[in-house]
Amino acid sequence: MARIAVIGSINMDLVVETDKSPKKGETVLGNQFFTSHGGKGANQAVAVARLGGSVTMFGSLGNDQNGKSLKDNLVLESIETTYINMLDNVSSGVAVIEICEKDNRIIVIPGANQHTNIEYLSTVKEVLLNFDVIIMQMEIPIEALQFIIKFLSENKKVIILNPAPALPLPEDVLSQVTYITPNEHEYKIVLNTSHDIEASLRRYPNKLLITCGEKGVKYHNGSNVETIPSIKVDVVDTTGAGDTFTAAFGIAISEGRPLHEAIRFANIAAGLSITKIGAQQGMPTRKSVTKLLDS
Ligand code: RIB
């Protein structure tokens, strides 16, 4: 079985679900509140594990109550946690998530995730060479991300970057990653472009995958732009859909599936993930994805 590493954030999600989002200065009554395990990095690791992959998490947590619970959750999901940086006197990352009209708004307080820095990554970089595919997002310091992407690319590793939250990326980073998976809002910021989707895809064939929600996933196959349609589901909560897509894509690529098929596999997994509330709650098993893939 291929070995996958995820480098990234681990957060406790504080989720409110409401019919009405408050305007500036307004108070509204919501429907429910719950805490759940999240963070784009941890979510991607959980998605890989649920899909049957062998996955190791690299990131940082505080030695606080949230940190312990977040680590226990990763262990429960059969994720290798040996290299997680557990820090005293630092709070674990938290995300405040509002779910309204089946869409979300998220504010992340990085806390310990800020310590997934160059110093930490220098201590684990040789270990990372043991993995076939390395998945990352952008809730850790950008200079740390650039440092490790450069190192892994020099060592010919398959690197999948989910560029969220979006920031403009220099051209050398874009050339060093193997695949990049922004959504239809993020790609303009990340590529620093005003070009439309088709023109942007043409610049990065077989590398740039733009997820467009119910409109499917678009990429350029070297000859033309292709759209892989999304499955039809009853949407409950889209939080974590991008994480599930990137993780499932990573596992499919690690298994040697062709790009078109890997995107299809990932898009089915992402579609299933939005049928339950919470980032990790709806992440599917291999069996449920395969069932739809073969139908
Ligand atoms: O992608 C969803 C995730 O974004 C949440 O779990 C939250 O923690 C933020 O990182």
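First, a word on scope: everything that follows refers to the structure included in this document.

Definitions and limits used
Residues numbered from 1 in each chain as written. Predicted model: local features only at pLDDT ≥ 70, side-chain atom pairs only at ≥ 80, totals over all residues. Heavy atoms only, no water. Pairing = 2+ DSSP bridges. Helix = DSSP H or I, 4+ residues; strand = E, 2+ residues; numbered from the N terminus. Axes fitted to C-alpha atoms, helices over the stretch in contact; angles between N-to-C directions. Expected span 1.5 Å × (residues − 1). Buried < 20%, exposed > 50% of the residue type's maximum accessible area, 1.4 Å probe, protein only. Arc of directions from axis to C-beta. Contact = heavy atoms within 4.5 Å. Phe/Tyr/Trp six-rings, centres within 6.5 Å; stacked < 30°, edge-to-face > 60°. Lys NZ or Arg CZ within 6 Å of the ring centre and 35° of its normal. Salt bridge = Lys/Arg side-chain N within 4 Å of Asp/Glu carboxyl O.

### Regarding the sheet that holds strand 8 (residues 103-109)
Pairing is mixed in the open sheet, where four strands are placed in the order 3-2-7-8. Only two strands of the sheet have a single neighbouring strand rather than two, namely strand 3 (32-38) and strand 8. Taking each pair of neighbouring strands and ignoring which way they run, the sheet shows an average axis angle of 20°. Alignment of strand 2 (residues 11-18) against strand 3, held across seven bridges, turns out to be antiparallel. Among the inter-strand pairings, D13 is bridged to a residue of strand 3, identified as S36.

### Comments concerning helix 4 (residues 142-154)
Look at helix 4: 18 Å from first C-alpha to last across 13 residues, which is about the 18 Å you get at 1.5 Å a residue. When helix 4 is considered as a whole, its buried residues turn out to be A144, L145, I148, I149, F151 and L152. Seen end-on, helix 4 carries its buried residues on one side only, within an arc spanning 165°. Where helix 4 is buried, its residues meet strand 1 (3-7), helix 3 (118-128), strand 9 (133-136), strand 10 (158-161) and helix 5 (171-176). At the C-terminal side of helix 4, K156 shows a positive phi close to 60°.

### Comments concerning the packing of aromatic side chains
Aromatic ring pairs: the centre-centre distance and the angle between the two ring planes describe each pair. If you walk through the whole model with that rule in mind, you get four aromatic pairs. Here F58 and F131 contribute two aromatic rings whose centre-to-centre distance is 5.8 Å and whose plane-to-plane angle is 90°, an arrangement assigned as edge-to-face. In this pair, F58 sits in strand 4 (residues 54-58) while F131 sits in the loop between helix 3 and strand 9, placing the two residues 73 residues apart along the sequence. Each member of the pair, F58 as well as F131, carries the same accessibility label: buried. Among the aromatic residues, those joined into a ring-pair cluster are F58, Y83 and F131. The ring of F131 has R3 sitting right over it, with the charged end atom 4.5 Å from the ring centre.

### Some thoughts on the pattern of salt bridges
Counted according to the given criterion, the structure contains nine salt bridges. One salt bridge in this structure joins E171 and R203, with 3.5 Å as the shortest N-O distance. One end of the pair, E171, is in helix 5; the other, R203, is in helix 7 (residues 197-203), and 32 residues separate them in sequence. E171 sits in the partly exposed class, given a relative accessible area of 45%. On the accessibility criterion, R203 (40% relative accessible area) is partly exposed.

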